[in-house]
Amino acid sequence: MPVYRNLGWLLLALPLTALGTVDPQPQEVEAKAEVLEQVVAPDVEVTQPVEPLSEQEVEVIDPEGSDPLEEPVTCLARTIYWEAKGVPGLDMESVANVVINRLASEEFPNTVCEVVKQGSEQSPCQFSWWCDGRPDDVVEDDAYEIAKEVARRALNQQLPDHTDGALYFHDRTVHPPWANEFLLTSETEAFIFYRPNDTAN
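Residues numbered from 1 in each chain as written. Predicted model: local features only at pLDDT ≥ 70, side-chain atom pairs only at ≥ 80, totals over all residues. Heavy atoms only, no water.

Chemist: Tell me about the overall build of the chain, and please be specific about residues and values.
Modeler: When helices and strands are counted, the chain shows 7 helices and 3 strands. A burial count over the chain gives 42% of its 201 residues as buried. Long-range pairs, those at least 24 residues apart, make up 61% of the contacts in the chain between residues at least 6 apart in sequence. Approximately 11300 Å² of the chain is accessible, and the part contributed by carbon and sulfur atoms is 52%. (Helix = DSSP H or I, 4+ residues; strand = E, 2+ residues; numbered from the N terminus. Buried < 20%, exposed > 50% of the residue type's maximum accessible area, 1.4 Å probe, protein only. Contact = heavy atoms within 4.5 Å. Areas by Shrake-Rupley, 256 points an atom, 1.4 Å probe, with all protein chains shown as cover.)

Listed below in structure tokens is the structure:
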């Protein structure tokens, strides 16, 4: 009889143990995302195994959309959200493409957060949402969930580059002077994308 009792306790304990090992920890996911961004950055050597981020792992990062902008998933997802909020699909994915293209370029910083925040210490900001003086917390949970999934796929290098190597973009409602200096590479419903004329694809 004691054998069966012990077996029963073992069976009860198994699901709890399994749950403990399945639930991703934010620090582990952040570390994995940092390795993934290093794979893209041109002058950073990756010394750890590269594993893609899962949907479950990304869910534990910035769940309320109010965390500090200090790690790759949050910085990328918040940029996608604020730049292309309300226009999911190709617009969100193309904004992610620009951030990843900049990360891969020697002309830009070596981390997603540095790419996103570039210019905040001296005008102009590269991404207007970052220094527009407004709160950066998420206000639409569904749109942010989509942005986080796009960010996950972008960091995993599972997102096709819809922009043909673009490093710059602007909203269709404006025409900044710098747009005349670059090669137009693609257009979406909301944005127009560019890269320097001498940038090889």
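Chemist: Could you give an account of the side chain of arginine 152, with specific residues and numbers?
Modeler: Considering the arrangement of structural elements, one finds arginine 152 in helix 7 (residues 141-155). For arginine 152, the residues in contact, after removing those within four places along its chain, are Leu53, Ser54, Glu55, Val58 and Gln158.

Chemist: Account for the pattern of salt bridges, with residues named and values stated.
Modeler: Scanning all chains against the criterion turns up 9 salt bridges. The residue lysine 85 makes a salt bridge to glutamate 140 at a minimum N-O spacing of 3.4 Å. With lysine 85 in the loop between helix 4 (72-84) and helix 5 (90-104) and glutamate 140 in the loop between helix 6 (112-117) and helix 7, this pair connects stretches of sequence that are 55 residues apart. The class of lysine 85 is partly exposed, set by a relative accessible area of 30%. Judged by relative accessible area, glutamate 140 falls into the partly exposed class, the value being 37%. With a closest N to O distance of 2.5 Å, glutamate 187 and arginine 172 form a salt bridge. In this pair, glutamate 187 sits in strand 2 (residues 182-187) while arginine 172 sits in the loop between strand 1 (168-171) and strand 2, placing the two residues 15 residues apart along the sequence. Under the relative-accessibility criterion, glutamate 187 is labelled partly exposed at 44%. Judged by relative accessible area, which is 38%, arginine 172 ranks as partly exposed. (Salt bridge = Lys/Arg side-chain N within 4 Å of Asp/Glu carboxyl O.)

Chemist: Can you explain the state of the cysteines? Please cite residues and give values.
Modeler: For the structure shown, the criterion picks out 1 disulfide. A sulfur-sulfur separation of 2.0 Å characterises the disulfide bridge that pairs cysteine 75 with cysteine 113. Measuring handedness by torsion sign, the sulfur bridge of cysteine 75 and cysteine 113 sits at about 100° and is right-handed. Of this pair, cysteine 75 sits in helix 4 while cysteine 113 sits in helix 6, and the two are 38 residues apart along the sequence. (Disulfide = S-S within 2.5 Å.)

Chemist: Go over the pairing of strand 2 with me, naming the residues and quoting the values.
Modeler: Across 5 bridges, strand 2 lies against strand 3 (residues 191-196) in antiparallel orientation. Looking across to strand 3, one finds that glutamate 187 is bridged to isoleucine 192. The hairpin formed by strand 2 and strand 3 contains 3 residues between the paired strands. (Pairing = 2+ DSSP bridges.)

Chemist: Describe the packing of aromatic side chains, with residues and values.
Modeler: Evaluated as defined, the whole model comprises 11 aromatic pairs. Residues tyrosine 81 and tyrosine 144 carry aromatic rings whose centres are separated by 5.7 Å and whose planes lie at 85° to one another, so their mutual orientation is edge-to-face. Within this pair, whereas tyrosine 81 is found in helix 4, its partner tyrosine 144 is found in helix 7, the two being separated by 63 residues in sequence. We note that tyrosine 81, like tyrosine 144, is buried. (Phe/Tyr/Trp six-rings, centres within 6.5 Å; stacked < 30°, edge-to-face > 60°.)

These figures capture arrangement, not role.
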